[in-house]
Amino acid sequence: MEIDLIDFLKNGYFGSLKLEDSKDTVLNLIGEPEDVSADTITDLIWKYGNVEITFGVDGVACVFIENGNTDTSSLVNISDYVNMRNISITNLKEKLAENKIEILKENYIDKDKTEGLLFLDNKVKISFENNIVTSYSICDPQKFIV
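Residues numbered from 1 in each chain as written. Predicted model: local features only at pLDDT ≥ 70, side-chain atom pairs only at ≥ 80, totals over all residues. Heavy atoms only, no water.

**What to know about the state of the cysteines**
- Tallied over the full model, the rule gives one disulfide.
- Across the disulfide from Cys62 sits Cys139; the S-S distance is 2.0 Å. Taken together, the positions of Cys62 in strand β5 (residues 59-66) and Cys139 in strand β10 (residues 132-139) put the pair 77 residues apart, joining distant regions of the chain.
- Cys62 sits in the buried class, given a relative accessible area of 7%. (Disulfide = S-S within 2.5 Å. Helix = DSSP H or I, 4+ residues; strand = E, 2+ residues; numbered from the N terminus. Buried < 20%, exposed > 50% of the residue type's maximum accessible area, 1.4 Å probe, protein only.)

So this is what it looks like as C-alpha cells:
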C-alpha cells in the first residue's frame, strides 16, 4: 500500500484506509500484519513496521505512525517518510503552511514549548518531543474497545 504522508496530514486518510474500516478491508488493502499486540484483547493492534492499526468497536479506531522508527514495512510504503522522519516541529509547521494544512490547536507540555501535540482539523494528531516530531496519528477514542 502506498501512502502519501502529506495527503494523510491534509485529509486524514491513510491511503485508501479510513477510520471504521473493517479488518477484512485492512487485509485487502495491506495484507496480513507482521505482528499483533494488545495487553488484554487478542488481535487488537496490527503492526506493519512503524505503523500500528488499532481496532475498536466499529473497525479501525486508530492509525499510528511512529516517526523516527527505521523499522518500516514492505507492505506499507510512506512517501516523504525519509524527509519527514525526525523533522523538527518548526520545519513541519513550515511544511504544513506550504501545503495549506491548518493547525487547529497546539498543546504544549513544557514552558519552553519543546514537547507537545498539534491537532489538525481532520482528527490528525502530531506529537513532538525535544522539538522533533515523534508520531503522526488519527484516532477516534470513542471507537476503542474497553
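**Regarding the side chain of Asp140**
- Its place among the elements puts Asp140 in the segment after β10.
- We classify Asp140 as buried; its relative accessible area is 12%.
- Discounting chain neighbours no more than four positions away, the residues touching Asp140 are Leu19, Ala61 and Lys123. (Contact = heavy atoms within 4.5 Å.)

**Considerations on the environment of Ile65**
- As for its placement among the helices and strands, Ile65 is situated in strand β5.
- When its relative accessible area of 0% is taken as the criterion, Ile65 is described as buried.
- Taking the C-alpha atoms as reference points, Ile65 and Tyr136, separated by 71 residues in sequence, lie 5.2 Å from one another.
- Setting aside anything within four residues of it in sequence, one finds Ile65 in contact with Leu5, Phe8, Phe14, Asn50, Val51, Ile78, Tyr81, Thr134, Ser135 and Tyr136.

**Section: the nonpolar core**
- Ranked by size, the top nonpolar core spans 34 residues in total, and within it Leu9, Ile53, Leu92, Ile126 and Tyr136 carry the most contacts.
- No other element matches the four residues that helix α1 (residues 5-11) contributes to this core.
- Ile126 has contacts with Leu9, Leu92, Leu96, Gly116, Leu117, Leu118, Leu120, Val133, Ser135 and Tyr136, leaving out every residue within four places of it along the chain. (Core = buried A, V, L, I, M, F, W, Y, C linked by side-chain atoms within 4.5 Å.)

**Some words on the side chain of Ser73**
- Within the secondary structure layout, Ser73 lies in the loop between β5 and β6 (77-79).
- We classify Ser73 as buried; its relative accessible area is 8%.
- In terms of polar contacts, Ser73 uses its side chain to reach the backbone amide nitrogen of Leu75, at 2.9 Å.
- Dropping the residues within four chain positions of it, Ser73 is found in contact with Glu34, Tyr48 and Gly49. (Polar contact = N/O pair within 3.5 Å; in protein donor to acceptor, adjacent residues only side chain to side chain.)

**Considerations on the sheet that holds strand β2 (residues 35-37)**
- The strand order across the open sheet formed by eight strands is β2-β3-β4-β5-β10-β9-β8-β7, and the pairing between neighbours is antiparallel. Every interior strand has two partners, whereas the edge strands, β2 and β7 (103-108), have only one. Each adjacent strand pair in this sheet contributes to an overall mean axis angle of 20°, direction not counted.
- Sheet strands touched by helix α4 (residues 89-98): β7, β8 (116-120), β9 (124-129) and β10. Its angle to β8, the strand with the most contacts, is close to 5°. (Pairing = 2+ DSSP bridges. Axes fitted to C-alpha atoms, helices over the stretch in contact; angles between N-to-C directions.)

**Notes on unusual backbone geometry**
- Even without a glycine there, the phi angle at Asn130 is positive, about 50°.
- Along the chain, Asn130 turns up in the loop between β9 and β10.
- Residue class for Asn130 comes out exposed when judged on its relative accessible area of 58%.
- Here Asn131, not a glycine, exhibits a phi torsion of approximately 65°, which is positive.
- The residue Asn131 is located in the loop between β9 and β10 in this model.
- Asn131 sits in the partly exposed class, given a relative accessible area of 30%.

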